Amino acid sequence: MSDTTDDQLLALARAMIDLDHPVKRDAAAWAAANLGQHDLVEADHQSRFAVDDWRRCAERGIQGLLVPTQHGGQGADLATTLLTLEGLGYGCADNGLTFALASQIMSTQVALVRFATDEQRARWLPGLLDGSRFAALGMTEPNSGSDAFALEATAERLDDGSYRVNGHKSYLTFGPVCDLCIVFASTNPEAGSWGVSAFLVPTDLPGVDVGPLREKMGMRTTPFGDLTFTDVVVPADSLLGREGAGASIFGAILDIERAYVFAPQIGAMERQLDDTIGYAKDREQGGHPIGHYQAVSHRIVAMKERHEQSRLLLYRAAMADATGRGITLAASLAKVAACDAGIASSIDAATVHGAKGYVSEFGVERQLRDAVGGLVYSGSTDVLRNIVARVLGVT
Ligand SMILES: Cc1cc2nc3c(=O)[nH]c(=O)nc-3n(C[C@H](O)[C@H](O)[C@H](O)COP(=O)(O)OP(=O)(O)OC[C@H]3O[C@@H](n4cnc5c(N)ncnc54)[C@H](O)[C@@H]3O)c2cc1C
């Protein structure tokens, strides 16, 4: 094991055991002071997105945290990146914004850093890191979701080496605002998943139709929508990795995204816990603070358990990652646990707050709406349970 790996493991272990880690606390304080607490941005009907906050994060270097310095990023280690995302989730109630940050950092940017050529990185990374451009990851289609490689999008190689892309990609994070879409399409339909390739497709090309914003239950500030590609011709150097490498690129990105995309939500769960403890101490009924009643205090203890369990699994996945081991099992467990915890704790928080937990103006119910999407994105929790069962040799 190299010193670098040892250093990373030590940093992750410190992050794991220190709930008051200074990196996390600094990020939380910065987010509370500098970012909006939006549930919805009413002014911008194309995205509902707090663009100014996004740019403020870019100025602070957040989008570039995990990107190596030679590619224009901060070159931060995984522990610093995860602690920062947790802190942002604690300090900023706009879970749509923090989800979008985690999503870009852990999916499209990871794809570019790991699989792109120097020319491709030089073209796309600067704008993503300075907050002026957006990228979507285009896998899901109307007829292929969990069964991702049943995709119908095609990319036909033309005589001059360029490709003609056709297809419809749906429910894409950043869809309505993206400048770049990493499109997964079949270059050899007979080869199944081995025939899938990934392309960097600029959305200003003729034949790209950027669909309107899709409104959703929660994380309403995350831009979300569809893109269609009709005879879009992209040059040969738009290929990300080799032809036919799309499935392995997608699998690698998805493991990373699944492992880490919940980092901000874990911070948000801690904020929710602290708010609920405060309320249970302040609110009196029957002559006592409601926290005096075991039914209330045990709900809060369950919230604490769930928060810590989710956090441990997040850093456990990161440690497996740092040692270079496969993280499919750890990432799947981390995502399932954090998703279930977020929903269960949001119901507990709402219950402890009584009517204030249900009425929108107090900001308690939005946590539940924001948590539900986790059941679906980056692989549904049911599909992830299938993966865990397979790794365990049960199926
Ligand atoms: C907030 C959000 C962000 C997203 N961002 C992106 C993005 O950036 N890029 C992108 O490409 N996609 C994105 N998606 C789409 C997401 O990846 C898909 O919604 C997901 O893969 C599920 O596909 P589906 O919606 O078609 O559901 P389906 O696959 O049709 O599943 C419907 C139900 O059937 C269950 N099911 C399906 N197959 C199985 C099985 N084998 N075993 C057990 N149960 C099964 C599922 O668990 C689910 O409950 C996003 C979705 C959301 C909600």
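Residues numbered from 1 in each chain as written. Predicted model: local features only at pLDDT ≥ 70, side-chain atom pairs only at ≥ 80, totals over all residues. Heavy atoms only, no water.

Engineer: Got a minute to help me understand the site of the ligand in this structure?
Structural biologist: Looking at the ligand, there are 15 residues lining it, with Leu137, Thr140, Ser146, Ser380 and Asn386 nearest. Interatomic distance of 2.6 Å between a side-chain N/O atom of Ser146 and an oxygen atom of the ligand. Elements that contribute at least two residues to the shell around the ligand include exactly strand 3 (163-173) and helix 12 (381-391). Classifying every residue of the shell around the ligand gives eight nonpolar, six polar and one charged. Split by domain, the shell around the ligand shows at least three residues from each of two domains, domain 2 (136-247) and domain 3 (250-391). (Near = heavy atom within 4 Å. Polar contact = N/O pair within 3.5 Å; in protein donor to acceptor, adjacent residues only side chain to side chain. Helix = DSSP H or I, 4+ residues; strand = E, 2+ residues; numbered from the N terminus. Nonpolar A, V, L, I, M, F, W, Y, C, P; charged D, E, K, R; others polar. Domains from an automatic or database assignment.)

Engineer: How do you make sense of helix 11 (residues 365-372) when you look at a structure like this?
Structural biologist: Residue pairs three or four apart in sequence face the same way in an α-helix, which turns once every 3.6 residues. Burial analysis of helix 11 places six of its eight residues in the buried class, the great majority of the element. Residues Glu365, Arg366, Gln367, Arg369, Asp370 and Ala371 constitute the buried set of helix 11. Buried residues along helix 11 sit in contact with helix 5 (95-115), helix 8 (263-282) and helix 10 (328-352). (Buried < 20%, exposed > 50% of the residue type's maximum accessible area, 1.4 Å probe, protein only. Contact = heavy atoms within 4.5 Å.)

Engineer: Is there a simple way to explain the nonpolar core in this structure?
Structural biologist: A general tendency of soluble globular proteins is for nonpolar side chains to be buried together. Membership of the largest hydrophobic core comes to 71 residues, with the highest contact counts inside it found for Leu82, Phe174, Phe229 and Tyr260. Ranked by residue count, the leading element in this core is helix 5, at eight residues. Non-local contacts of Tyr260, meaning those with residues more than four positions away in its chain, are made with Leu78, Leu82, Met106, Leu314, Ala317, Ala318 and Asp321. The next biggest cluster of nonpolar side chains, apart from the first, holds 26 residues, and it includes Val113, Trp124, Leu137 and Ala245. (Core = buried A, V, L, I, M, F, W, Y, C linked by side-chain atoms within 4.5 Å.)

Engineer: It is not clear to me how helix 5 should be interpreted in this structure. Could you clarify?
Structural biologist: For helix 5, with 21 residues, the first-to-last C-alpha span of 29 Å sits near the 30 Å given by 1.5 Å per residue. Where helix 5 bends most, the angle comes to about 40°, and this point is Gln109. Counting buried positions along helix 5 yields 19 of 21 residues, so the element is predominantly enclosed. (Expected span 1.5 Å × (residues − 1). Bend = angle between axes of the 7 residues up to and from the residue.)

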